[in-house]
Amino acid sequence: MTDWVQEAQDLTDQVLRPAATEVDRSGKIPPSHFDALRDRGFYGLAFAPTDPVHTLADVGEILVSGCLATAFVWAQHHGTLLRMMMSRNNTLKARYLADLRSGAVTAGVSGSGYANPENPLIIATETDDGYTIAGQAPFVTGWGLVDVLGVTAYDRRAQKTVTFLMDATDGPNIHANRISLSAADASHTVELTFDEHHVPHASVIHVRKARRGGLSLADRLVLRLNGSLALGVARACLTEADHTGHPTPQLWETHTTIREALNNAATGDGDIHDARAHASQFTVTAATYVATAAGSRSVQRGEPTERLIREAAFSMVCTTTPEIRSRILTTRHP
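First, a word on what this report is: a plain description of the structure on this page.

### Some points on the pattern of salt bridges
All told, the structure shown has 12 salt bridges when counted by the stated rule. The residue Glu 61 makes a salt bridge to Arg 259 at a minimum N-O spacing of 2.9 Å. Linking Glu 61 in helix H3 (residues 52-66) with Arg 259 in helix H7 (residues 249-266), this pair joins segments that are 198 residues apart in sequence. Accessibility assignment for this pair places Glu 61 and Arg 259 in one class, buried. Ionic contacts of the salt-bridge type, sharing partners, join the residues Asp 24, Arg 301, Glu 306 and Arg 310 into one network.

### Describing unusual backbone geometry
Across residues other than glycine, the phi torsion is negative in most instances, and most of the peptide bonds are trans. One non-glycine residue, Ala 184, lies in the positive phi region at around 60 degrees. Within the secondary structure layout, Ala 184 lies in the loop between strand S6 (174-178) and strand S7 (190-200). Residue classification places Ala 184 among the buried positions, given a relative accessible area of 5%. The phi dihedral of Thr 319 falls on the positive side, at around 60 degrees, and the residue is not glycine.

### Observations concerning the packing of helix H6 (residues 217-243) against helix H8 (residues 272-294)
H8 packs onto H6 with a crossing angle of 15 degrees between their chain directions and a minimal axis gap of 9 Å. On the basis of the axis angle, H6 is roughly parallel to H8. With respect to the hand of their crossing, H6 and H8 are arranged in left-handed fashion. Along the lines of polarity and charge, the residues of the contact of H6 with H8 split into 15 nonpolar, 5 polar and 4 charged.

### Some details on the packing of helix H2 (residues 31-39) against helix H4 (residues 68-85)
Packing of H2 against H4 brings their axes to within 11 Å, and their N-to-C directions diverge by 50 degrees. Accordingly, the angle class assigned to the pair H2 and H4 is oblique. The interaxial crossing formed by H2 with H4 has right-handed handedness. Listed contacts from H4 to His 33, Phe 34 and Leu 37 of H2 are Thr 70, Val 73 and Trp 74. Of the residues in the contact of H2 with H4, the class split is 4 nonpolar, 2 polar and no charged.

The rules behind each value
- Residues numbered from 1 in each chain as written.
- Predicted model: local features only at pLDDT ≥ 70, side-chain atom pairs only at ≥ 80, totals over all residues.
- Heavy atoms only, no water.
- Salt bridge = Lys/Arg side-chain N within 4 Å of Asp/Glu carboxyl O.
- Helix = DSSP H or I, 4+ residues; strand = E, 2+ residues; numbered from the N terminus.
- Buried < 20%, exposed > 50% of the residue type's maximum accessible area, 1.4 Å probe, protein only.
- Axes fitted to C-alpha atoms, helices over the stretch in contact; angles between N-to-C directions.
- Parallel < 35°, antiparallel > 145°, perpendicular 65-115°, else oblique.
- Left-handed = near helix turned anticlockwise from the far one by under 90°.
- Nonpolar A, V, L, I, M, F, W, Y, C, P; charged D, E, K, R; others polar.
- Contact = heavy atoms within 4.5 Å.

Printed below as a string of structure tokens:
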């Protein structure tokens, strides 16, 4: 049986971390990074035979610690893969699922947050032969790096969410505007605008009753998986501290404690939003520690600790929900 955590650590040590500074400087991810992920089977990790959620979380954390931009693009793939796994559109599954699992086809995702019934940013209007999509997704990662995109929109008339698959390319009714990011800029993140874009029924992954209030188990698991971004940046900071002769066992212990709290909260034992807030705050603490230890190098562009400071700030706002942000602002003061 594959030891996915060890595989991830080997890939990080041999491929991702040595290139992270150049990826950050150039704004380009080498195609060989995605080839390496594909060759090692990481695109199909959701099919891991034992505890795929925690396997994804642990592997994601390690890959983020190697190269945030690469892991950020890779992570989006699983949002669409998981949706496709649960789809009842057997024709669409037959066409895409095997290739998504192998990485022959790679995916991005525009998640259900942009189809929130209280404030939907992407609207689906049903027609005789499908849906018309209008609106704007302000933050879509991997544009130009992935093949397809899973998009969730909100159908106001039916009060349902509609998730569909589309080619990740500009078209007459789809426009992508590249966003310049302070960290992980190589991830090719865009603002994506839909101008009455037509989606046939054949491309619909699923249609579901919109959920209002409360957290389902699936919601908790997604929040847990997204927490790997903050934990991964924190791991990168602590690893850098070790490499530069400033190890901090106490912060490593805190890192482990936070991961355990996230795992427990994901299954209902604890407040998942509070656990996520704690993880984000800890990442800034870890970055501050390693930057202080490195001294003046940390304010020189191109130095690893300078990049880690930016990545820690990035982790505070990326994948952060209003509930997590509220806890950070009200309960997580230094």
